[in-house]
Amino acid sequence: MITTSIAKDTYFYKLFSFSFLLAIITYGFALTNFTLTIDNEIPIFPDYGLDLGRWGQNLIRYHLFKGHLQYFSLLLSLFIFSLAAIRLSNLFKFKGIQAYFFCALFITFPQISYQVVFGMMADIAALGVLLSVLSVELFLKSINEKSIVKKGFVFLSVALLLMFTLSMYQAFIFVPVVIAILLFFQSTFQDSFNFKYEFKNLILFGGIILLSLLLYYLSVKIICPPIEGSGYLSSFISGESNNQFLDFCSIWLKNLVGNFYYGSQTFVLILISSLVLIASFVFNKKLLFVRLISLIILLILPFLMSSIITNGYHPPRLYLTSNLVFAFILVFSINNFKLNSLLASKIVVILIVITNIYFVTNLFYSANKIFKHDKKIAEKIDAIIQTKYPEFFTTEKVIYFYGYFPYEYHEKFRLRKSEIFGGSIFMWDNGNNYRIVNFFKGADVAEYKMIDSKEKFDTFKDSINKMPIWPNQESIKMFNDVVVVKLGNEKGSRLYFE
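None of these values were measured; they are calculated from a predicted model.

Right, let's talk about the overall build of the chain for a bit. Check the secondary structure of the chain and you find 18 helices and four strands. On the principal axes, the C-alpha backbone points of the chain span a range of 80 × 55 × 50 Å. Burial status across the chain gives 53% buried among its 498 residues. Excluding contacts between residues fewer than 6 apart, the proportion of contacts in the chain whose partners are at least 24 apart in sequence is 78%. Taken as a whole, the chain presents about 23,300 Å² of accessible surface, with 64% of it coming from carbon and sulfur. Separation between the mean location of the 44 positive side-chain charges and that of the 32 negative ones in the chain comes to 13 Å.

Right under this line is the structure:
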């Protein structure tokens, strides 16, 4: 008994050490190179995230960590993701080399990059996955509990755990759903598979998820302030689509072949593996319909959020279960066709992992180049202001940025389809003054004050058209103690008082 326990502990530490070390290698560049990417310039205030219904995020980001934590948040995220990978491999009963394959593929798939690039989301993204795994584990352990009271208490605990997970980021609702269907799909290959029993448990877990959604809705009503106007979530469905179904099918197919965002190229292996599995289902004929439907659902679920989006913006961070499906299907396929012991399988997985690391490193490297370029521009702007208007630094230092750089301005640094990684602070949100002013501060260039009154703005707004654009030195002028920086000819984001 003691020997078995020691063996389990040794196995856990080996697998965790492997996963965490691989995570450090994968995100080594991001950990060792400070990069102020989009959204990370925004300060964390006491009400942060509450307008989005994310009171759990507010609790962790503001009350626990008191704001952004450069380096630490990413490191903690990798630590938690490594734990989640191990718990998932245990849940799927992957043993030995299978577990190492799963953890390696789960940790390195670049979709995680689109989560952890946000400082306010890095550790939360990992925690949400881990809590989702724990909720499924807790549910499974209580299924055969005979005491109705105990079972009801555990089920309520699972719902509350999922409620808190949703309060950090609503898209986490897909994680427990995908895990449950993965387990159902896997169970169809067991000799003891009982459709009624497994399907009943699936429906029961679905009911608990619905309860967690209800509890989350009530918690938002109690904790969060009412949202005035259209919120962040509603903005995704604010546009119009000629044929929403066909649009989603197009996006889904692009994701399946790894052509929708940078770093997803290896996902095409899942499509290939799935087609081979389907062929084996047809040949075997056993539980053909159940397995086929389950697999198709698993291929759709990671990208399902895109089915309701009509504004044309489909950020990769919404596909937060794609790495889970990616790792599972590859390992399951290798195991199903008895390829675990083959040297070729090990070489293929190693090549996939190396390719994933290459994509992740490239993403953060390109973002770092854009950040450094933006910082140089910011330093030049500040230097010109200091030279032309030294008296400006004895006042409130009120500044206004008019216009924005064209998208092509940073093209030489940008990776194709890299979304947030290709964003420049002087282009994102069409020259958002709030972002730019906070960028100057976050990049340790200068502390300015954003213009905050219509009266001040009206004193110079008609003079802006006559000014040249950056990098002409005359693109920077001071009007009545307010410095105006003209970045482009087209007016950018509206100020809050306009």
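Let us keep going from here.
Spatial ordering of the open sheet is given by S2-S1-S4-S3, a layout of four strands whose pairing is mixed. Where the open sheet ends on each side, the last strands, each with one partner, are strand S2 (449–450) and strand S3 (476–479). Here four bridges tie S3 to strand S4 (residues 482–486), and the two strands are oriented antiparallel to one another. Bridging across to S4, Ile-476 finds its partner in Val-485. Sheet strands in contact with helix H16 (residues 343–388) are strand S1 (398–402), S3 and S4, and its direction is about 50° off that of S3. Taken strand by strand, helix H17 (residues 433–442) contacts S1 and S2, and its axis lies near 125° from that of S1.

Turning our attention to the packing of aromatic side chains. Under the counting rule described, the total for this entry stands at 58 aromatic pairs. Taken together, a centroid distance of 5.1 Å and an interplanar angle of 75° make the contact between Phe-16 and Phe-79 edge-to-face. Taken together, the residues span a long stretch of sequence, with Phe-16 in helix H1 (residues 2–26) and Phe-79 in helix H4 (residues 72–91) at a distance of 63 residues. Phe-16 sits in the buried class, given a relative accessible area of 13%. With 5.7 Å between their ring centres and 85° between their planes, Phe-20 and Phe-79 make a pair best called edge-to-face. Here Phe-20, found in helix H1, pairs with Phe-79, found in helix H4; they are 59 residues apart in sequence, far enough to count as distant. On the basis of relative accessible area, Phe-79 is assigned to the partly exposed category, the value being 34%. Each residue in the set Tyr-27, Phe-109, Tyr-114, Phe-260, Tyr-261, Phe-267, Phe-303, Tyr-319, Phe-326, Phe-364 and Phe-421 is aromatic and connected to the rest through ring pairs, giving one cluster. For the cation-ring pair, Lys-66 lies above Tyr-62, with the distance from its terminal atom to the ring centre recorded as 5.8 Å. Above the ring of Phe-189, the side-chain terminus of Arg-291 is found at 3.9 Å from the ring centroid.

Here we come to helix H3 (residues 55–64). Regarding H3, the residues found buried are Trp-55, Gly-56, Gln-57, Asn-58, Ile-60 and Arg-61. Here the buried face of H3 lies against H4, helix H7 (122–142), helix H8 (148–168) and helix H10 (195–223).

Definitions and cut-offs
- Residues numbered from 1 in each chain as written.
- Predicted model: local features only at pLDDT ≥ 70, side-chain atom pairs only at ≥ 80, totals over all residues.
- Heavy atoms only, no water.
- Helix = DSSP H or I, 4+ residues; strand = E, 2+ residues; numbered from the N terminus.
- Buried < 20%, exposed > 50% of the residue type's maximum accessible area, 1.4 Å probe, protein only.
- Contact = heavy atoms within 4.5 Å.
- Areas by Shrake-Rupley, 256 points an atom, 1.4 Å probe, with all protein chains shown as cover.
- Lys, Arg positive; Asp, Glu negative; His and termini not counted.
- Charge placed at Lys NZ, Arg CZ, Asp CG, Glu CD.
- Pairing = 2+ DSSP bridges.
- Axes fitted to C-alpha atoms, helices over the stretch in contact; angles between N-to-C directions.
- Phe/Tyr/Trp six-rings, centres within 6.5 Å; stacked < 30°, edge-to-face > 60°.
- Lys NZ or Arg CZ within 6 Å of the ring centre and 35° of its normal.

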